[in-house]
Amino acid sequence: MRDTASALDGSPSAGAQALQIPGEWDREADIVVIGAGATGLPAAIVAREAGASVILVEVERDIGGHAIISGGNIPLGGGTSVQKKHGIEDSPDLLFRDLTDWSVVGPNGFPDYRYNDREIIRAFADNSAATFEWLLARGVVFVDKAPDALGGNSVGNSVPREMHCAVMDWPMAHNGEPADPAVQRIRSSGNGMMRSLEVAARKAGVQILLEHRMTRIWRQTPNSGSVLGIAVDHMGAKLNIRARKGVIIGTGGSTGNVNFRRMFDPRLTEEYCGLAGMPWSDQDARGELAAMAIGASLWGFYNQTGEFGSNVTKPGSVGCQYNYRHLQWMPGSPVFDRARATGLRVANWQDLILVNMLGKRFYDETGGQYIANNYNSLDPYVQGSYLNARNLTWNPNNFLNAALAGIDDGHNGGGPIWAIFDSDAVAREEWTPTPPYVDIAAGFFFAANRLADLAEKIVMKYQRVPMPPTNLEETVARYNSFVDSGADEDFGKPTPMYKIAKPPFYAAWATPVVHDTRAGLRINAKCQVIDLNGEIIPGLYCGGESAGGFSQHGLARAACQGYIAGNAAIGAPPFESAV
Ligand SMILES: Cc1cc2nc3c(=O)[nH]c(=O)nc-3n(C[C@H](O)[C@H](O)[C@H](O)COP(=O)(O)OP(=O)(O)OC[C@H]3O[C@@H](n4cnc5c(N)ncnc54)[C@H](O)[C@@H]3O)c2cc1C
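Residues numbered from 1 in each chain as written. Predicted model: local features only at pLDDT ≥ 70, side-chain atom pairs only at ≥ 80, totals over all residues. Heavy atoms only, no water.

**Here we look at unusual backbone geometry**
Trans is the common state for peptide bonds, and a negative phi is the common state for residues other than glycine. The condition that has to hold: In this text, helices come from DSSP runs of H or I with a minimum length of four residues, and strands from runs of E with a minimum of two, each type numbered from the N-terminal end.
In this model, Met278 is joined to Pro279 through a cis peptide bond whose omega is 5 degrees. With respect to the element layout, Pro279 can be found in strand E9 (residues 276–279). The omega torsion across Asp379 and Pro380 is 10 degrees, close enough to zero to call that bond cis. Looking at the secondary structure, you find Pro380 in the loop between strand E14 (353–355) and helix H12 (387–390). Phi at Asp408 is positive, roughly 60 degrees, even though this residue is not glycine. Looking at the element boundaries, Asp408 is found in the loop between helix H13 (399–403) and strand E15 (418–422).

Put into structure tokens, the structure is as follows:
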């Protein structure tokens, strides 16, 4: 469909033409949603069910975003029907106070909630239970048990809120197969949530356009007026889609965009190429960049750099590019051609050492990653009490900071981290060190019969200096001496257990993984995007990982903000929009 109109109704004029606003629109709808993930699908359904026409554009070949491969653990509380059924007393006020409690800190002293935007958290607290009941009514099946704390990540300390979406019988993204029927209603996974929402969206009449990448957002002028629509790229074809009432950004964040993420943390250079959730979908900051190009502000930077949760994580597997600890790609996955290898899942970090580009160890390999506040992490706990911090034992875990520290050559970024192990470790872990378990072709796995040869073989895109063979030999010899003496004099690894002595020897990619985006576009309680002057950008909405001001892992804030944005964009009470 093509259409021309005048500037006043949000369409092109002669002046607007000078600003390159499209002269014609290829498609149009009341609401245009960008991204078919945990934010976008709820937003689209809400708007469509209220009578608006809705186009949902998704860059990938399938819907789901990170949400479909997620663990499906979703902390919606504030007084849900399930909390009530199990006698858990929660309320919007309790939830709000939990998520803004200045006094909660982790064992490394970092506060989870101190920098949360009160307006945004208030909106979440007030709509959390409603979002849960809405999901239930749209066919999302939850595991039938009391809310707990499993999988929680900055979800509030006072009461259990974690619900679990049942995986159900749709083929799963990571292996292309449905789950065993015995576990389909008891295993938590985002698969069931997102496929149920896809069914609800199609049933409601949302037009879902796959392989449509939003490339820019049209506004009357770059810094004023209403948002008019978006430009998309569809397999090389450029299209313009007009949005009569609003555009909702649900593009999932920015940690896959190297320059963007380095605004928050300069250490996160190119080698951190194993984004959790890729290659199913990226987080390339396109939503943020398109909104910033028409004046939008970013918000809540601390939440991205605070050392809690899963913004940067320790890998769970070695020997492949995509090695996030809660996700392993299998050959049956529709994206396995892009994932290339499953990786070797590490059961015991005693089975290997981790070295940097120079072949030197940098930390106790059994060290963990940052943690986050969850139900009962602080016990005793009194909201807002100075005693919460006093009752904690100071116990920072700096594994990630050591891995990201670099090699003292003036460069940012820690460079590749390599797991070094021998054939005895392979036997203990029951690994198969060949494709498709490891990615030899792209340089994420190497093997040799001598350690010196192994070091020389490590040539790949991100290894910007050669690993000196003598360094690796000396590192392994010293580590083996710690196994003999029973004490790691360099990094305090608890009782080093196994020597690295029996060839062949292996070097497997074990570089930290970037994951959550917790800072993004500035929004208000209605998920309206705000500009650098503090003014609403009329007709533009955002939620989920592309929105800032809210420090919490994942699904709950995304689904809730999708619910809010969808309602606000169509002007439904109590979210009447300014448009
Ligand atoms: C392995 C894994 C496990 C997880 N487990 C949990 C968990 O158990 N609990 C939890 O709460 N959270 C979990 N999360 C996090 C959670 O999945 C995300 O926080 C949540 O999905 C974010 O929702 P979103 O809508 O912001 O982004 P997404 O769900 O990622 O959706 C964004 C969508 O936008 C699309 N898109 C991006 N750019 C464009 C563009 N330019 N044009 C068109 N479309 C575009 C993407 O392709 C994607 O489909 C997990 C994440 C991963 C990767």
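**Side note on the pattern of salt bridges**
Note the threshold: For this analysis, a salt bridge means a side-chain nitrogen from Lys or Arg found within 4 Å of a carboxyl oxygen belonging to Asp or Glu.
Taken as a whole and assessed by the stated rule, the structure comprises 29 salt bridges. Across the pair Asp144 and Lys85 runs a salt bridge, and its minimum N-O distance is 3.5 Å. A residue pair is termed long-range when its members are at least 10 positions apart, and Asp144 in the loop between helix H6 (118–137) and strand E4 (162–164) and Lys85 in helix H4 (residues 81–85) qualify at 59 residues. A single network of salt bridges, built from pairs that share partners, joins Glu28, Asp30, Arg242 and Arg244.

**Concerning the packing of helix H2 (residues 40–49) against helix H17 (residues 555–569)**
Rules: As a rule, the C-alpha atoms of each element are fitted with a line to give its axis, helices using only the stretch in contact, and angles between N-to-C directions run from 0 to 180 degrees. Note on terminology: angles under 35 degrees are roughly parallel, angles over 145 are roughly antiparallel, angles of 65 to 115 are roughly perpendicular, and the others are oblique. Here a crossing is taken to be left-handed if its near helix is turned anticlockwise relative to the far helix by less than a right angle, and right-handed if that turn runs clockwise. Only heavy atoms matter for contacts: two residues are in contact if any of them lie within 4.5 Å across the pair. Following the grouping adopted for this structure description, the nonpolar residues are Ala, Val, Leu, Ile, Met, Phe, Trp, Tyr, Cys and Pro, the charged ones are Asp, Glu, Lys and Arg, and the polar ones are all others, Gly among them.
Between H2 and H17, whose axes approach to 7 Å, the crossing angle comes to 30 degrees. If you check the angle between H2 and H17, you find them roughly parallel. Where H2 crosses over H17, the two elements pack in a sense that is right-handed. Counted together, Pro42, Ala43, Val46 and Ala47 of H2 and Ala559, Gly562, Tyr563, Gly566 and Asn567 of H17 form the full contact between these two elements. The residue inventory of the contact of H2 with H17, partitioned by class, reads six nonpolar, three polar and no charged.

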